[in-house]
Amino acid sequence: MRLGVLDIGSNTVHLLLVDAHPGARPVAFASHKRPLSLVQYLDGDGNINDAGQHELIEFVLEAWEFAASHKAEDLLAFCTSAIREATNGPEVLARVKHETTVTLQELTGSEEASMTFFAVRRWYGWGAGPILDLDIGGGSFEMAYGTDELPEFATSVPLGASRLTRDWLHDDPPTAKSVKELRRYIRSTLKPVVRNFHELGRANLVAGTSKTFRSLARIAGAAPSGAGPYVKRELHAADLGLWAQRISAMTVEDRLYLPGVSDARARQLLAGALVAEAALELFEFPKMEICPWALREGLILRRLDQLVFEEALDPAPHVGKRKKDKSKKKAAKEDSHSKDSPEAQAMIDKFPVPVNTPSPTPIPAPVAGGLAS
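Residues numbered from 1 in each chain as written. Predicted model: local features only at pLDDT ≥ 70, side-chain atom pairs only at ≥ 80, totals over all residues. Heavy atoms only, no water.

**So, the environment of Ile8**
- Tracing the backbone through its elements, the reader meets Ile8 in strand E1 (residues 2-8).
- On the accessibility criterion, Ile8 (1% relative accessible area) is buried.
- As a C-alpha pair, Ile8 and Leu104 span 96 residues in sequence and 8.5 Å in three-dimensional space.
- Ignoring any residue separated from it by four or fewer positions in sequence, one finds Ile8 in contact with Val13, Leu38, Leu56, Val60, Phe78, Cys79, Thr80, Ile83 and Leu104. (Helix = DSSP H or I, 4+ residues; strand = E, 2+ residues; numbered from the N terminus. Buried < 20%, exposed > 50% of the residue type's maximum accessible area, 1.4 Å probe, protein only. Contact = heavy atoms within 4.5 Å.)

Structure representation (structure tokens):
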């Protein structure tokens, strides 16, 4: 099936279409996204202003039409901290639904952390043991720890890179005083939260699952995205400390010359580096691995699991089929177990008859300016 995931984040709005079925690795089919920092559209009272709402609605309509034109069969639409923490968040969600027919599911911080952890667990498998996942978004910083598919503890703190840049780093380049004050604020916010994690045990693996971590790893020498998802990428605490110091002395324009840094993220790169540096220091880990799967993949995999449990699925076409053997000796030996033999028929009778899962109804085209009939 072709599944669409519409992600309304704090830095970007992104529609990802994947071809997937239960038991298989989701394969990206198409993508449609644009930079949209909703945090920048907040007024003095914490409301997303009309201009930000217009940009959001325009993209949701684009995404819906893109999904429909590419024959998506199912669409998951969600939003994270930018709308979750806006004072007028419920009104914005209601307006989006009225003008696009799309219902955006609002994820809590712990739900966001849990679904990201779920993707990380699926990527690394059970052999990784206890995992600690860290994810720096635009508006919040998610952390999750566990030994199972879903975490034992998942939480979120308001330490997103875009939010911190807006609130603390006003100059370009930032002043030494503002950087020092931001470091102090990050550590004071993280310390009590990290203590809760220490009580759970130590992770075998620390994973980073956001664009911020990928950019920092790339700057520190990790392989570019073009090398593919299976190349191991690491980010070391020692490198983070060095690069945080260097970036603090750079202007936003200078940061664009660093590998893996986009226009949309150059300004908030320093704040992300300071959060990452503090997290590894407080969790007492010398390095982390960069995981290519994150929240979107977690939601996709969870949806596919739901399809498995809703109804039984046909086994894959190759399961249970026996290859033809031209050896007369082997054929004679297996003759007593042919499909017509009593023994084979008894086995077939005991095998449950699978029930096909019905295909989701194709999504209709949206109706701009009102609800679909």
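There is more to say after this.
**Points about the sheet that holds strand E4 (residues 74-79)**
- Pairing in this open sheet of 5 strands is mixed, and the strands run E3-E2-E1-E4-E5 from one edge to the other. Two strands lie at the open edges of the sheet, namely strand E3 (27-35) and strand E5 (105-106), each paired on one side alone.
- Of the pairings in the sheet, the one linking E4 to E5 comprises 2 bridges and is parallel in character. Opposite Cys79, over in E5, you have Glu106 as the bridge partner.
- In the packing of helix H1 (residues 50-69) onto the sheet, contacts are made with E1, strand E2 (12-19), E3 and E4, and the angle to E3 comes to roughly 160°. (Pairing = 2+ DSSP bridges. Axes fitted to C-alpha atoms, helices over the stretch in contact; angles between N-to-C directions.)

**So, the pairing of E1**
- Within E1, 7 of the 7 residues are buried, which leaves the element mostly enclosed by the surrounding structure.
- Across 7 bridges, the pairing between E1 and E2 is antiparallel. For Leu3, the partnering residue across the bridge sits in E2 and is Val18.
- Once E1 ends, the chain turns through 3 residues before running back antiparallel as E2.

**Re helix H4 (residues 109-124)**
- Relative to the 22 Å expected for 16 residues at 1.5 Å per residue, H4 spans 23 Å between its end C-alpha atoms, a close match to the ideal helical length.
- Buried residues of H4: Gly109, Glu112, Ala113, Ser114, Met115, Thr116, Phe117, Phe118, Ala119, Val120 and Arg121, and no others.
- A positive phi of about 80° marks Gly125, the residue just after H4. (Expected span 1.5 Å × (residues − 1).)

**Examining the nonpolar core**
- Counting residues in hydrophobic clusters, the biggest one holds 50 residues, and the most contacted among them are Leu132, Leu134, Phe141, Met143, Ile186, Leu190 and Phe283.
- For this core, the secondary-structure elements that each account for two or more residues are strand E6 (131-136), strand E7 (141-146), helix H5 (161-168), helix H6 (176-198), helix H7 (211-219), helix H8 (237-248), helix H11 (269-283) and strand E11 (287-290).
- Examining the composition of this core, we find that 12 residues originate from one element, H11, more than from any other.
- Leaving out residues up to four positions away in the same chain, Ile186 has contacts with Leu159, Leu164, Leu274, Val275 and Ala278.
- Grouped together as the second largest cluster of nonpolar side chains are 30 residues, Ile8, Leu36, Ala63 and Ile83 included. (Core = buried A, V, L, I, M, F, W, Y, C linked by side-chain atoms within 4.5 Å.)

**Remarks on the pattern of salt bridges**
- By the definition in use, this model includes 19 salt bridges.
- In this structure, Asp305 engages Arg122 in a salt bridge whose closest nitrogen and oxygen atoms are separated by 2.6 Å. Of this pair, Asp305 sits in helix H12 (residues 295-310) while Arg122 sits in helix H4, and the two are 183 residues apart along the sequence.
- Here Asp305 falls in the buried class, since its relative accessible area comes to 17%. (Salt bridge = Lys/Arg side-chain N within 4 Å of Asp/Glu carboxyl O.)

**A word on the packing of H1 against helix H3 (residues 89-100)**
- Relative orientation of the contacting elements H1 and H3 amounts to 40°, with a least axis distance of 10 Å. If you check the angle between H1 and H3, you find them oblique. At the point where H1 passes H3, the crossing takes the right-handed sense. Touching Asp50, Gln53, Leu56, Ile57, Val60 and Leu61 of H1 are Val92, Arg95, Val96, Glu99 and Thr100, all from H3. (Parallel < 35°, antiparallel > 145°, perpendicular 65-115°, else oblique. Left-handed = near helix turned anticlockwise from the far one by under 90°.)

**Structural notes on the sheet that holds strand E9 (residues 205-208)**
- Pairing in this open sheet of 6 strands is mixed, and the strands run E8-E7-E6-E9-E11-E10 from one edge to the other. Each edge of the sheet is formed by a strand with only one pairing partner; in this case those strands are strand E8 (153-157) and strand E10 (234-236). In this sheet, adjacent strand axes meet at a mean angle of 25° when their direction is disregarded.
- Sheet analysis places E9 next to E11, joined by 2 bridges and oriented parallel. Residue Ala207 lies in a different strand from E11, and its bridge partner there is Glu289.

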